[in-house]
Amino acid sequence: MAVIPGTKPTRAVLIELKKRIRVAQTGHELLKMKRDGLMIEFFEVLGRARTIRQELVKEFIKSQQRLNMAKATEGTLTIKSVAFALQKEPTVELESRNIMGVVVPKITAESVQKLMFERGYGIIGTSAAIDEAAEAYESLVDKIITAAEVETALIRLVEDIESTKRRVNALEFKVIPDINDTVRYIGFALEEMERDNIVKLKMLKAKAQRAAAAKAAARAAAA
Amino acid sequence: MEVAVVGRGDAVLGFSLAGIRKAYETTSEDELVSKIDEVMADPDVGILVLNQPDFNKLPKRMQSTLTESVKPTVISIGTEESTEMREKIKRAIGVDLWK
């Protein structure tokens, strides 16, 4: 029995605790529902994250191969100079979205994919290998942007599931049982006090009766 | 907001080819750490891309701060698997659901 330390066994505290039990139970129910909801959401996001991860790895390997080809034909220096000539830079927009109180990022980006002449470097001076590498990396960046959104959402959800689970368990196995125990303890204490009182009253009554009897006897003796 | 890449050697080159300006090449581990710190403090960066082998070499503490960061969002790519996410899921759900 784990009584909340520092509670006084009075009726006022008892009433207060009974109110707290009700609050804790409603809170517990709600948190349980939140946990289940988050779980459902989590599984959905998990599936998406896994497919995107796989695609990302595939894309990454492809891009690296293409880059190596470009390096082999043109050399690192040429690729660097081509990169300097690039005009458009991929930009992303970060907003936040709310899943059951969990703030997850929502990343929007215009497609990084560009047409060949949009890239900003001369078509004639460079080989197709560079174009291919640039294209592969552009689609990789596209994938990265989606993956970043989904994976961050996943991490956030996981963190929130963990804390919600802790709170549910704390309420279920610590807070509510503790309050119940304390209520019982106060109930016992109050009963004990009542019994004490009855005994005390009985003793007082007996004493008073004895005193009255003695007085009557004394009066009778005097008469 | 922009995308930033920090990595060793050639890992960055391809990204600069995709038009990313904030592609920083680092040569040593210390440089990597200081550069990542710098990028994390940059308010213009929305997504930070790292190489998985590089990420695995970072101090554990930094790894977890990077994984938890939302703004900027950090993502590491590579053929190696990230253990951070897996561990997190395992701890929260109790079952290894990743693969």
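Scoring rules and cut-offs
- Residues numbered from 1 in each chain as written.
- Chains lettered and ligands numbered in written order.
- Predicted model: local features only at pLDDT ≥ 70, side-chain atom pairs only at ≥ 80, totals over all residues.
- Heavy atoms only, no water.
- Helix = DSSP H or I, 4+ residues; strand = E, 2+ residues; numbered from the N terminus.
- Rg over C-alpha atoms; globule rule 2.2 N^0.38 Å.
- Buried < 20%, exposed > 50% of the residue type's maximum accessible area, 1.4 Å probe, protein only.
- Pairing = 2+ DSSP bridges.
- Contact = heavy atoms within 4.5 Å.
- Polar contact = N/O pair within 3.5 Å; in protein donor to acceptor, adjacent residues only side chain to side chain.
- Nonpolar A, V, L, I, M, F, W, Y, C, P; charged D, E, K, R; others polar.
- Salt bridge = Lys/Arg side-chain N within 4 Å of Asp/Glu carboxyl O.
- Axes fitted to C-alpha atoms, helices over the stretch in contact; angles between N-to-C directions.
- Parallel < 35°, antiparallel > 145°, perpendicular 65-115°, else oblique.
- Left-handed = near helix turned anticlockwise from the far one by under 90°.

> Where do I start with the overall build of chain A in this structure?
For chain A, the count of helices and strands is 3 helices and 2 strands. Seen in sequence order, chain A has helices and strands lined up from the N terminus as α-α-β-β-α. Rg of the C-alpha trace for chain A: 39 Å, well past the compact-globule value of 17 Å for 223 residues, more than 25% over. Seen along its three principal axes, the alpha-carbon backbone of chain A occupies a region of about 145 × 25 × 25 Å.

> I keep staring at the pairing of strand E1 (residues 2-8) of chain B and nothing clicks. Help me out?
In regular strands, side chains alternate between the two faces of the sheet. Residues and elements named next belong to chain B. Extensive coverage of E1 is indicated by the burial of 6 of its 7 residues. With 5 bridges connecting them, E1 and strand E3 (residues 45-51) associate as parallel partners. Looking across to E3, one finds that valine 3 is bridged to isoleucine 47. In this structure, E1 lies alongside strand E2 (residues 22-26), joined through 5 bridges in parallel fashion.

> What's the story with the interface of chain B and chain A in this structure? I'm lost.
Many descriptions give the size of an interface as the accessible area lost when the pieces come together. Taken together, the contact pairs 39 residues of chain B with 52 residues of chain A. Linking chain B with chain A are 1 residue pair in polar contact (both at pLDDT 80 or more). Of all the secondary-structure elements, those providing two or more residues to the side of chain B that touches chain A are E1, helix H1 (13-17), E3, helix H4 (60-68), strand E4 (73-77) and helix H5 (83-93) of chain B. Its residues placed into classes, the side of chain B that touches chain A shows 18 nonpolar, 12 polar and 9 charged.

> How do you make sense of the pattern of salt bridges when you look at a structure like this?
Side chains that differ in charge, positive against negative, can pair when their charged atoms come close. All names here are of chain A. Applying the stated criterion across every chain yields a total of 13 salt bridges over all chains. Across the pair aspartate 178 and lysine 174 runs a salt bridge, and its minimum N-O distance is 2.9 Å. Of the two residues, aspartate 178 and lysine 174 are both situated in helix H3 (residues 128-222); the distance of 4 residues between them amounts to about one turn of the helix. Accessibility expressed as a relative area gives 48% for lysine 174, which makes it partly exposed.

> Help me out: how do you make sense of the packing of helix H1 (residues 11-74) of chain A against helix H2 (residues 76-85) of chain A in this one?
Each pair of packed helices gets described by two things: the angle between the helix axes and the distance between those axes. Residues and elements named next belong to chain A. In the contact formed by H1 and H2, the axes pass within 7 Å of each other and the chain directions differ by 110°. The orientation of H1 relative to H2 falls into the category roughly perpendicular. On H2, the residues that touch Leu67, Ala70, Lys71 and Glu74 of H1 are Thr76, Thr78 and Ile79. Here the contact of H1 with H2 is built from residues that sort into 3 nonpolar, 2 polar and 2 charged.

> Teacher, can you tell me more about the sheet that holds E1 of chain B here?
Sheets are built from strands paired through backbone hydrogen bonds, the pairs being either parallel or antiparallel. Strand order in the open sheet made by the 4 strands is E2-E1-E3-E4 (chain B), with parallel pairing throughout. One side of each edge strand has no neighbouring strand; the edge strands of this open sheet are E2 and E4 of chain B. The mean angle between the axes of side-by-side strands here comes to 20°, regardless of whether they run parallel or antiparallel. Sheet analysis places E3 of chain B next to E4 of chain B, joined by 5 bridges and oriented parallel. Its bridge partner lying in E4 of chain B, isoleucine 47 of chain B is registered against threonine 73 of chain B. Taken strand by strand, H1 of chain A contacts E3 and E4 of chain B, and its axis lies near 60° from that of E4 of chain B. With respect to the sheet, helix H2 (residues 29-41) of chain B is in contact with E1, E2, E3 and E4 of chain B, its orientation differing from that of E1 of chain B by roughly 170°.

> So what exactly am I meant to see when it comes to the pairing of E4 of chain B here?
Summarising burial for E4 of chain B: 5 of the 5 residues are buried, a large majority. Residues Thr73, Ile75 and Ile77 of chain B point to one face of E4 of chain B and Val74 and Ser76 of chain B to the other, with burial holding for every one of them.

> Could you clarify how one ought to interpret the environment of methionine 100 of chain A in this entry?
Residue and element names in this part refer to chain A. Secondary-structure assignment places methionine 100 in the loop between strand E1 (92-99) and strand E2 (102-109). Judged by relative accessible area, methionine 100 falls into the partly exposed class, the value being 43%. Once residues within four sequence positions are removed from consideration, methionine 100 is found in contact with Lys34, Gly37 and Leu38.

> I'm lost on the environment of asparagine 169 of chain A in this one. Help?
Relative to the elements of secondary structure, asparagine 169 of chain A occurs in helix H3. Remark: the alpha-carbon pair of asparagine 169 of chain A and lysine 32 of chain A, spanning 137 residues in sequence, is separated by 9.3 Å.

> Help me understand the packing of H1 of chain A against H3 of chain A in this model?
All names here are of chain A. The interhelical angle for the contact between H1 and H3, taken along N-to-C directions, is 165°, at an axis separation of 4 Å. Comparing the axis directions of H1 and H3 gives the class roughly antiparallel. As H1 runs across H3, the sense of the crossing is left-handed. Of the residues that constitute the contact of H1 with H3, the class distribution is 39 nonpolar, 11 polar and 20 charged.

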